[in-house]
Amino acid sequence: MTSPNIPSRAAVELLVRDALFSQLGRARPAEPAPVLVVNSSARHMHVSPESLEVLFGPGAKLTVHKWLYQEGQFASEQTVTLIGPRRRVIPNLRILGPCRNLTQIELALTDAVQLGMELPVRMSGDIDGTPGAYVMGPKGMLEMKNGVIRAARHVHMSPSDAKFHGVKHLDKITLKVVSHGCNTRFDDLIVRVDPSFKLEVHIDTDEANACDLERASKVELSKP
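Residues numbered from 1 in each chain as written. Predicted model: local features only at pLDDT ≥ 70, side-chain atom pairs only at ≥ 80, totals over all residues. Heavy atoms only, no water.

Notes on unusual backbone geometry
A cis amide bond, omega 0°, links Gly97 with the succeeding residue Pro98. The topology assignment puts Pro98 in the loop between strand 5 (89–97) and strand 6 (104–106). Of note, Asp188 is a non-glycine position whose phi angle comes to about 65°, a positive value. On the basis of relative accessibility, which here comes to 47%, the residue Asp188 falls in the partly exposed class. Even without a glycine there, the phi angle at Asp212 is positive, about 55°. Of note, Asp212 is situated in the loop between helix 5 (205–210) and strand 15 (218–222). (Helix = DSSP H or I, 4+ residues; strand = E, 2+ residues; numbered from the N terminus. Buried < 20%, exposed > 50% of the residue type's maximum accessible area, 1.4 Å probe, protein only.)

Quick word on the nonpolar core
By size, the foremost hydrophobic cluster in this structure holds 24 residues, and its most contacted members are Met45, Val80, Leu82, Ile105, Leu107, Val135 and Val148. Filtering out sequence-adjacent residues up to four positions away, Leu82 remains in contact with Arg88, Val89, Ile90, Leu93, Ile105, Leu107, Leu115, Ala133, Tyr134 and Val135. The next biggest cluster of nonpolar side chains, apart from the first, holds 19 residues, and it includes Val155, Met157, Val177 and Ile203. (Core = buried A, V, L, I, M, F, W, Y, C linked by side-chain atoms within 4.5 Å. Contact = heavy atoms within 4.5 Å.)

Structure representation (structure tokens):
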């Protein structure tokens with residue numbers, strides 16, 4: 001057993017490397033930046049188990065269509081029809097899994113215009129005072145009293161990613177995208193930190209099209 005007063009081998013090696021670089025007049029090489037993934041988040045729905053049963057019948061379960069980048073998250077095979085206030089509809093709205101403790105729909109601005117709805121920009125889960133809508137599934141109609149939002153752009157980070165970028169949970173950070181001479185800057189990304197997260201930025205489809213994300217040659221995060 002190692003005595004608590006004796007430094008670990010890793011700590012000793014770090015001290016030796018620092019001493020060598022100091023003698024050579026050089027700084028210790030910086031840690032490599034974590035790999036940054038930027039994804040466009042298409043319109044989608046999150047459901048509670050209760051809402052899922054209203055739409056798809058008693059005992060309904062979400063089944064995997066495609067796994068997403070974040071661990072355990074997936075686009076399901078289940079889709080619904082969203083009905084706006086003027087009977088304008090968005091068909092084939094995909095549900096993301098697994099089920100959550102609330103029901104919520106995330107749209108882009110162009111989707112809101114299509115439906116004739118004024119939607120606030122909110123963090124996921126912050127749905128108090130937001131508009132509702134009707135959602136039609138194969139087994140039933142769900143009346144949402146609230147929960148239709150434009151999702152605030154955000155970045156998922158593990159604690160080590162947050163330490164590297166010098167931020168903490170709910171801080172703001174800036175995303176820069178370079179794509180064929182089209183340099184775009186997105187300010188006020190909300191930092192979301194959790195040990196289960198992998199480093200990933202989510203912007204909506206309007207924002208992805210505006211910066212030509214599909215052909216981006218460089219993406220980077222920077223503090224304001």
